[in-house]
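# Fold and contact review
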Amino acid sequence: MNEITGSASGSMPEWEKRFRAPRVGLPEWAEDAPERSLFVSNVTGTYELYAWDRVTGSRRQVTDRPNGTTEGALSRDGAWVWWFSDTDGDEFGVWMKQPFGGGEDIPAAPGLAPSYPAGLALGVGGLAVIGRSTDDEGTSVHVVPPSGDPYLIYRHEESGGVGDLSEDGTLVVIEHTEHGDAMHSALRVVRVADGSTVAELDDTDGGSRELGLDCLGFAPIPGDPRLLVGHQRADRWLPMIWDTSTGEETDLGIDLPGDVHAEWYPDGSALLVVHDFHARSEMFRYDLAARELTRLDTPAGSVGGASARPDGSVEFLWSSAELPPAVRSTTGAVVLEAPGLRAPDSVPVEDVWVDGPGGRIHALVQRPAGGGSGPWPTVFEIHGGPTWHDSDAFAAGPAAWLDHGFAVVRVNYRGSTGYGRQWTDALKHRVGLIELEDIGAVREWAVGSGLADPQRLVLTGGSWGGYLTLLGLGTQPEAWTVGIAAVPVADYPTAYADEMEALKALDRTFFGGSPEEVPERYEASSPLTYVEQVKAPVYISAGMNDPRCPIRQIDNYVERLRALDKPHEVYRYDAGHGSLVVEERIKQVRLELAFALRHAGS
């Protein structure tokens, strides 16, 4: 195999169709005007925001920017669409707003300087609370009243953000990490009027107890101070209800083995529960009065988001590794579809469990269609995050590798979510090296089982996956034939110096300090440290405006590859941490496929 499928004949290959096929995201609806919705779509070839009037059926493109827009929200009354305006994907900017029916974009919070976003909550009567993050000021929270100037109610040097506004607009939750542990937030409820504290909830003690809390939303009843909270007290994420006026905590007794996310039904009588376990999702309705959990009909696969509607139905974004995403309803209807080309199906995923140094490792495996028993050239596609996980969900990238005769292996290494708190929190101090131990164990299984050809192994990933790719090429040089890293960390100390403040806080948590405080840990975990040991050809793509994995540290790594005369290619593009433009993404995948086929194809 020495060409990219379909390109020679001039016909559109299946892998390109999966990227080009128009997609729609899960619609968000206005709390006080549920017939008005906002969703994201790539129907024009760039991901942008769209307003949808469910009464008339009309859909209108709200934003139109060269590098796309995905961050937006509806005001409670549905009158305004808020959207975040940055510059070419640099994530640094201001909130704008536009009338739902169309019109001029205007600044949503005049007087607030540009920043990185740190949460947004929109309340009754046009009230807004905006979280901001800057290198100089840390995290700040401002109230934007319906009339008058914005005013400050919170500021701290550590990372944090806005959680939710109470139904009556008098209280707001701030998720903060003032204790210095950016992996585990605490909650503070303050008065919108003046920022004075009403209640605190903190599951960290600065020592052995490091548990996180997550704001899941105030009860949707005016004057109700109850807050739905996610907690980690049972080695996984579970919901509870916290009365912020009395401090009473109510355990819900939900006995499910995986992570449980929940949100209120609009009338406050029940919770919509999404359960993630071993890379798959299912949904439930939890009746608060009866304390009863009822399973909702959920196909096998993954739920990418769900929302309970006022009529009691649930809308959810669903897909599997085999079947493309769709916005469905528990009524049985397809809620929203994009016109035009439908993404071709791919192949189902298999579960593999491998014994590793930190416990059993879950990997998802896909074999090329058409039969055969291998060994195949095999791609280890490593997820980003790192606090994330690969799931039985549709992904155009892995499907492209499968179309070209590669098997695909995705590893939920230590640090991944969905396998218990200890698995996620194992990522400390030996950053990167821990994950690669797990990836290495699954590699040994893949070769030993006959799945993977040891002479044709591609290590690839984006963001944290790109970081692990470069680190793996240097620390496991005999293991990999090709490395393909997208928007990676390549030189950790320099990345720390240039990245956004919230990521600096996360790195200090991972490493136990800054590069000045624990230089040996950063050096041990930096791909640049091991660049001389790299043997495989390296392909790197990078966004010129990326605030997460900045370009200077990638240039440092590339310069060392060049000086050492290591085989490599670099592609730089004018965007941030990835591209929202379909043609740009296809170009990147085409380049990655061509590089891999040259060095590891049959």
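Note: the structure precedes this text.
Just so you know, these numbers come straight off a predicted model, no measurement behind them.

Turning to unusual backbone geometry, a few remarks are in order. Between Gly374 and Pro375 the backbone carries a cis peptide bond, its omega angle lying at 0°. Counting through the fold element by element, Pro375 comes out in the loop between strand E30 (359-366) and strand E31 (376-382). Looking along the chain, the bond that leaves Gly385 and enters Pro386 is cis, with omega of 0°. Position of Pro386 relative to the elements: it lies in the loop between E31 and helix H2 (396-403). In this model, His429 sits at a positive phi of 70°, which is unusual for a non-glycine residue. Looking at the element boundaries, His429 is found in the loop between helix H3 (421-425) and helix H4 (433-448). A relative accessible area of 35% places His429 in the partly exposed class. If you check the backbone angles, Val487 has positive phi at about 35° while not being a glycine. As for its position among the elements, Val487 is in the loop between strand E34 (482-486) and helix H6 (492-498).

A separate point is helix H10 (residues 582-600). An ideal rise of 1.5 Å per residue puts 27 Å on 19 residues; H10 measures up with 26 Å between its terminal C-alpha atoms. All buried positions along H10 are accounted for by Val582, Glu584, Ile586, Gln588, Val589, Glu592, Leu593, Phe595, Ala596, Leu597 and Ala600.

If you look at the biggest cluster of nonpolar residues, it comprises 62 residues, and the most contacted ones within it are Phe380, Ile439 and Trp464. Once residues within four sequence positions are removed from consideration, Phe380 is found in contact with Val409, Val411, Ile439, Val442, Arg443, Ala446, Leu457, Val458, Leu459, Thr460 and Trp480. Grouped together as the second largest cluster of nonpolar side chains are 27 residues, Trp15, Ala400, Ile484 and Val487 included.

Let us now look at the packing of aromatic side chains. Enumeration over the complete set of coordinates arrives at 19 aromatic pairs. Here the aromatic rings of Phe39 and Trp52 are separated by 6.5 Å at their centres, their planes lie at 85°, and the arrangement is edge-to-face. With a gap of 13 residues between them, Phe39 in strand E2 (residues 33-41) and Trp52 in strand E3 (residues 48-53) connect regions that are remote in the sequence. A residue is classified by how much of its surface remains accessible, and Trp52, at 9% relative accessible area, is buried. On the numbers, 5.2 Å between centres and 80° between planes, the contact of Trp401 with Phe406 is edge-to-face. Note on accessibility: Trp401 and Phe406 belong to one class, buried.

Definitions and limits used
- Residues numbered from 1 in each chain as written.
- Predicted model: local features only at pLDDT ≥ 70, side-chain atom pairs only at ≥ 80, totals over all residues.
- Heavy atoms only, no water.
- Helix = DSSP H or I, 4+ residues; strand = E, 2+ residues; numbered from the N terminus.
- Buried < 20%, exposed > 50% of the residue type's maximum accessible area, 1.4 Å probe, protein only.
- Expected span 1.5 Å × (residues − 1).
- Core = buried A, V, L, I, M, F, W, Y, C linked by side-chain atoms within 4.5 Å.
- Contact = heavy atoms within 4.5 Å.
- Phe/Tyr/Trp six-rings, centres within 6.5 Å; stacked < 30°, edge-to-face > 60°.

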